[in-house]
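What follows is the residue order along each chain.
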Amino acid sequence: MKALIAPPFSLTPMSLNLSKISPLASKSNLCNSTKNVQNLKFFCTKPIMASPRFPVVSLQNRYLHTEPSSSSSSGEIHVIVGPMFAGKTTTLLRSIQAETEKGRSVAMIKSNKDTRYGLDSVVTHDGVKLPCCALASLSSFRQKFGPDAYDQLDVIGIDEAQFFEDLYDFCREAADHDGKTVIVAGLDGDYLRRSFGSVLDIIPLADSVTKLTARCEFCGKHAYFTLRKTEETQTELIGGSDIYMPVCRQHYVSGQVVVEAARIVLESQKAQCGSYL
Ligand SMILES: Nc1ncnc2c1ncn2[C@@H]1O[C@H](COP(=O)(O)OP(=O)(O)O)[C@@H](O)[C@H]1O
Ligand SMILES: Cc1cn([C@H]2C[C@H](O)[C@@H](COP(=O)(O)O)O2)c(=O)[nH]c1=O
Ligand SMILES: [Zn+2]
């Protein structure tokens, strides 16, 4: 997989600090321990009243003993969208941190399709991370987490929401019937700027919608879109800055022309090679 396009200048201010990421982090060192997360401390605890199979994040265990919020209907849905590298995961993790500081019990979910940093953590492009459960579908969450533990939860964070087909039903049920605050982060559009998965479908359900921007890798202006630098054409293609770059409108349009032209050349070269065989 070769990048067909490259930015004209280096990205020093935005470069990844992979040293913060421990790809070998195990559940045992993520749970029941205090982790420094960019000067913030997350206490990962298991609830006492129930035993979920995934980590629950809470600052104070005693809040897990309060009345389950499932009886109320005062849930909320907050949606964070934008292109890649816009800070969606960073914003989600900060919101989760703020909720834990209020004493609310929190669980993080991400799609198990995103295997970039392993399956037991949500990780930002600059290495900040939080334990999570990685799932194929949201409908399995309640059962896998444990129904009792689910009832104790106040807040559910969902990252990589574009990969969940059942996003709409899950969010509606969790907020309307179970009284949960659901904070959802995902791509609004794919590399062709088409609606991605069900992310846009939940906007009518949402209390708030935030569209974040990145920085265009060509000109440094606001980037609203994600350009794929390689010749692959499938909608779902897991990757980072090796495959994608955030771009402004002008550089999305010019970048697409370059990538498309390169793709056509590659295709014709492949066809020629085939005809020689
Ligand atoms: N082109 C880039 N390549 C790698 N990292 C980037 C790039 N642009 C921004 N970043 C870093 O990524 C961070 C945002 O990461 P993250 O919250 O994971 O974004 P998102 O979830 O929207 O993809 C930024 O604060 C910045 O440090
Ligand atoms: C644009 C686009 C992205 N993806 C993939 C690439 C990454 O694995 C995730 C997005 O991650 P981030 O946290 O928002 O940086 O989605 C894809 O599969 N198809 C696309 O068109
Ligand atoms: Zn630009």
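Above this text you will find the structure in question.
Once a new chain begins, its residue numbering starts again from 1 and follows that chain's sequence as written. Labels follow written order: the first chain is A, the first ligand is 1, and so on. Given that the model is predicted, a residue must reach a pLDDT of at least 70 before its local features are reported, and side-chain atom pairs must reach 80 or more before they are shown or counted; all residues, however, enter totals for whole chains, interfaces and linings. Side-chain figures throughout are based on the complete set of non-hydrogen atoms in the structure, without hydrogens or water.

### Focus on the overall build of the protein
Inference 1: Looking only at helices and strands, the protein features six helices and 15 strands.
Inference 2: Here's how the labels work: a residue is buried when its accessible area is under 20% of the maximum for its type, exposed when over 50%, partly exposed in between, all with a 1.4 Å probe on protein chains only. Per-residue burial for the protein yields a buried fraction of 48% across its 277 residues.
Inference 3: Looking at the protein alone, contacts between residues at least 24 apart form 72% of all its contacts between residues at least 6 apart.
Inference 4: Values of accessible area rely on a 1.4 Å probe in the Shrake-Rupley scheme; residue burial ignores everything except the protein chains shown. When the accessible surface of the protein is split by element, carbon and sulfur atoms take 53% of a total near 13,300 Å². Counting from the N terminus, the helices are DSSP H or I runs at least four residues long and the strands are E runs at least two residues long. The contact definition used throughout considers only heavy atoms, calling two residues in contact when any of these lie within 4.5 Å.

### Quick word on the site of ligand 2
Inference 1: Residues are classed as near a molecule or strand on a simple rule: at least one heavy atom within 4 Å of it. In the vicinity of ligand 2 lie 19 residues, with H125, E160, Y191, T235 and L237 positioned nearest.
Inference 2: The term polar contact refers here to a pair of N or O atoms within 3.5 Å; inside protein, the definition further demands a hydrogen-donor-capable atom paired with an acceptor-capable atom, and it admits residues adjacent in sequence only when both atoms are side-chain atoms. In this structure, Y191 approaches ligand 2 through a main-chain N or O atom, which is 2.8 Å from an oxygen atom.
Inference 3: Protein contacts shield 98% of the accessible area of ligand 2, which totals 490 Å² for the unbound molecule.
Inference 4: Of the residues that constitute the shell around ligand 2, the class distribution is eight nonpolar, five polar and six charged. Gly falls in the polar group here, along with every residue not listed as nonpolar (Ala, Val, Leu, Ile, Met, Phe, Trp, Tyr, Cys, Pro) or charged (Asp, Glu, Lys, Arg).

### Examining the packing of aromatic side chains
Inference 1: Ring pairs are drawn from Phe, Tyr and Trp, using the six-membered ring of Trp, whenever the two centres fall within 6.5 Å, and their geometry is named by plane angle: stacked under 30 degrees, edge-to-face over 60, tilted for the rest. A full pass over the atoms with the stated rule returns six aromatic pairs.
Inference 2: Here F141 and Y150 contribute two aromatic rings whose centre-to-centre distance is 6.0 Å and whose plane-to-plane angle is 70 degrees, an arrangement assigned as edge-to-face.
Inference 3: Judged by centre distance (5.9 Å) and plane angle (85 degrees), the rings of F163 and F196 are edge-to-face. Of this pair, F163 sits in the loop between β9 (155-159) and α5 (167-177) while F196 sits in the loop between β10 (181-186) and β11 (208-211), placing them 33 residues apart in sequence. Of the two residues, F163 and F196, neither departs from the other in class, the shared state being buried.
Inference 4: Aromatic ring contacts, followed pair by pair, group F141, F145, Y150 and F170 into a single cluster.
Inference 5: Whether a charge sits over a ring depends on NZ of Lys or CZ of Arg being within 6 Å of the ring centre and within 35 degrees of the ring normal. Geometry around Y150 places K180 over its ring, the cationic atom sitting 4.6 Å from the centre.

So far we have only geometry, and geometry alone does not tell us how the molecule works.
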